[in-house]
Amino acid sequence: MNTLGFLTLSEEIHPFVWRCAQEASAYELDILHIVPTKFDPKSGTFSAKRYNRDQDFFEDVECGVPTYLYDRCTYGDDALSRRAKPIVQWLKSRKDVTFLGYGLPDKWKQYEALKRHSNLSPYLPKTTRVEEAGELIPLLQQHGTLCLKPIHGAHGFGIYKIEQRNESLYVATQKKAKLVEHTFPSLKEGILWLNKLVTKFDYMVQPFLSLQDDKKQPFDIRVFLQKNEEGKWIERGRGVRVGKANHLLSNLAAGAKTIPFDQFLKTVPTAKRSYLLSEIDSILYTLPTYLEETFHPLFELGIDIAVSAKGAVWVLDVNSKPGRKVLLETNAQLADTLAKAPLAYTAYLLQASQGGTITP
């Protein structure tokens, strides 16, 4: 029986992995749970956990590298991430291993690629890389308010709103559900503080977009795409994340709530609905294929789309390891489909590698 390994940084078996394992026998797959740092280079094996379908539990095993791997590692600025990341990169370089998806590069590389596509570039806020905070001064004078984003960031961490107010500089960020604000008495003082930030971490900057509803709540649309059992991109669903009033972010980690997309669509004036749906369809039709052509094979994508008060549509972020919470909170019936998706796609890859006929 062929094996699919789930790569995560946590030693705890996530309920999603457990659910997938329980469905795997129908696809003639064994399931392994692997923490990358549990690799022994001398023996070439992992200390991992294998799902025992007869007793419905994960048992400790020593195993070689599975032929198929599903990378669900999300990295931070910690020792475990720094140890795990090069191991996963090494695994992705091996010709005898197939990942369901090989991930995307950092946000700046994504931006540089997407802005070259004539059909996608109109949906991207103009973005500049920041080497030192002094570069923000002319941009502040031009736009008044800026959004500073970490190139390697995730979950909304490290995003700052910067606004020049006469001689002072207002800076705000969000730490989980709390809005943290500070006003520097002078532009010079604010720039000196920001310089410590942008010289320590890689940042890029955009004009600050007003992406709030009529209650001043930030919101965005999360669209979840996956490849199906025939290797074709399909949409699994979409939902809307709504943040707290006057806050910066609509990320769930920042305390946002979710609402079904259809519920949100009812709040959009009838005259603008067709336009919005058409714009989203245009993005979804082009984006996944172009990203794969430009970078590496992918299995799933979370695309965050925003709509301004004037109706402009923006692509805010593209994530190759999206969470499922937005989908499940807005449509719990998708749980079964999502659990089977990586199994069905692995079966597709396996049959394709054997030159077989691909059937659902």
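Residues numbered from 1 in each chain as written. Predicted model: local features only at pLDDT ≥ 70, side-chain atom pairs only at ≥ 80, totals over all residues. Heavy atoms only, no water.

Novice: Hey, could you run me through the sheet that holds strand β11 (residues 168–175) in this one?
Specialist: Strand-to-strand pairing in sheets goes through backbone hydrogen bonds, with the strands running parallel or antiparallel. Strand order in this open sheet of six strands is β8-β13-β9-β10-β11-β12, and the pairing throughout is antiparallel. Looking at the sheet topology across the chains shown, the edges are occupied by β8 (128–130) and β12 (178–184). Pairwise comparison of adjacent strand axes, ignoring direction, gives a mean angle of 25° for this sheet. Across three bridges, the pairing between β8 and strand β13 (residues 203–207) is antiparallel. Looking across to β13, one finds that Val-130 is bridged to Tyr-203. (Pairing = 2+ DSSP bridges. Helix = DSSP H or I, 4+ residues; strand = E, 2+ residues; numbered from the N terminus. Axes fitted to C-alpha atoms, helices over the stretch in contact; angles between N-to-C directions.)

Novice: For this particular structure, what's the right way to read the packing of helix α4 (residues 136–143) against helix α5 (residues 187–200)?
Specialist: When two helices pack together, their arrangement is given by the angle between their axes and by how far apart the axes lie. One can describe the packing of α4 onto α5 by two numbers: an axis separation of 11 Å at closest approach and a directional angle of 125°. Taken together, the axes of α4 and α5 lie oblique to each other. Note on packing geometry: the crossing formed by α4 with α5 is right-handed. Contact with α4, carried on its side by Leu-136, Ile-137 and Leu-140, involves Leu-187, Ile-191 and Leu-194 of α5 and no other residues of that element. Partitioning the contact of α4 with α5 into residue classes produces six nonpolar, no polar and no charged. (Parallel < 35°, antiparallel > 145°, perpendicular 65-115°, else oblique. Left-handed = near helix turned anticlockwise from the far one by under 90°. Contact = heavy atoms within 4.5 Å. Nonpolar A, V, L, I, M, F, W, Y, C, P; charged D, E, K, R; others polar.)

Novice: How should I be thinking about the pattern of salt bridges in this particular structure?
Specialist: Pairs may arise between side chains of opposite charge once their charged atoms sit close together. Summed over all chains, the structure comprises 23 salt bridges. When the shortest N-O distance is used, the salt bridge between Arg-94 and Asp-96 registers 2.7 Å. Overall, the relative accessible area of 24% leaves Arg-94 in the partly exposed class. Because the salt bridges share partners, they merge into one network encompassing Asp-220, Arg-222, Arg-241 and Asp-304. (Salt bridge = Lys/Arg side-chain N within 4 Å of Asp/Glu carboxyl O. Buried < 20%, exposed > 50% of the residue type's maximum accessible area, 1.4 Å probe, protein only.)

So yeah, pure geometry; function would need other evidence.
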